[in-house]
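Structural overview
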Amino acid sequence: MKPQKEPIHMNAKKEDIADIVILPGDPLRAEYISKKFLKNSKKVTDVRNMLGFTGTYKGKRITVMGSGMGMPSCGIYAFELFYFYNVQKIIRIGTCGVSHKSVEIPEIILADKVYTESSYAFSYNGFKENVVTPSMNLVNKIYETAKEKKLKIHKGTLMTTDVFGPYVDDDALMNRAPKDLTILGEEMESFGLIHIANSFNREAAVIVTAVDSKFSDVIVTPEERQTSLDNMIELALDSII
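Residues numbered from 1 in each chain as written. Predicted model: local features only at pLDDT ≥ 70, side-chain atom pairs only at ≥ 80, totals over all residues. Heavy atoms only, no water.

Let's shift gears to the packing of helix α4 (residues 136–148) against helix α7 (residues 222–240). Between α4 and α7, whose axes approach to 9 Å, the crossing angle comes to 120°. Compared by their axis directions, α4 and α7 come out oblique. In this structure, α4 meets α7 at a crossing whose hand is right-handed. Only Leu-235, Asp-238 and Ser-239 of α7 make contact with α4, whose side of the interface consists of Lys-141, Ile-142, Thr-145 and Ala-146. (Axes fitted to C-alpha atoms, helices over the stretch in contact; angles between N-to-C directions. Helix = DSSP H or I, 4+ residues; strand = E, 2+ residues; numbered from the N terminus. Parallel < 35°, antiparallel > 145°, perpendicular 65-115°, else oblique. Left-handed = near helix turned anticlockwise from the far one by under 90°. Contact = heavy atoms within 4.5 Å.)

Written as structure tokens, this is what we have:
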């Protein structure tokens, strides 16, 4: 079955969406980014309060919008952005739990692989692999930009789950992962985004900020959390343009 001619979950006109997109999970974070970092920004979609905004950043037209939580929600918006709006590049920005003691709070992880045990990709188009690779062109650009900004960044594997790790037996979840993968962080959206992008032969990458860790008792203040998230946001914006 082919999709209908118009998107179901976005009410933007085709010309309202830029060909490059920053995709946080939280629609209110999208609004925050539009107000703080974009010029001449306007709201272009608000179906189910999943807000999206288009403006300019350093003279480059860009859209930022929320994706919701989990692969099903993120996958819907990734699909509609690629299919209906012909978006070429997406960088997901988000948060994650730490899965390896080398990562400290609130450092940034850049995914060069994403693993899942979910059947999401098989349900989508029969894809049977459990590891997907983001656009290495974008990955390399993000990594180079982070170094220029003197930001500490970890490049490695993320794990995308169908459940929120702190609410389940997280150790059992991690122990089922292939032993040849060194998983740095755990979250709920990235595999879905990367798989949809790869299926469209478009570019997508993921950077996430570590916000909780079983290896640390560090509690990040609201001010520190905001600073670290702003660093990630600026890294994504400077990399995608």
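Summed over all chains, the structure comprises 11 salt bridges. We note a salt bridge from Asp-230 to Lys-36, for which the minimum N-O separation is 2.7 Å. A residue pair is termed long-range when its members are at least 10 positions apart, and Asp-230 in helix α7 and Lys-36 in helix α1 (residues 27–37) qualify at 194 residues. As a salt-bridge pair, Lys-58 and Asp-238 come within 2.8 Å of each other at their nearest N and O atoms. Of this pair, Lys-58 sits in the loop between β3 (52–57) and β4 (60–65) while Asp-238 is found in helix α7, placing the two residues 180 residues apart along the sequence. Residue class for Lys-58 comes out exposed when judged on its relative accessible area of 63%. A cluster of three or more residues bridged by salt bridges with shared partners is formed by Lys-58, Lys-149 and Asp-238. (Salt bridge = Lys/Arg side-chain N within 4 Å of Asp/Glu carboxyl O. Buried < 20%, exposed > 50% of the residue type's maximum accessible area, 1.4 Å probe, protein only.)

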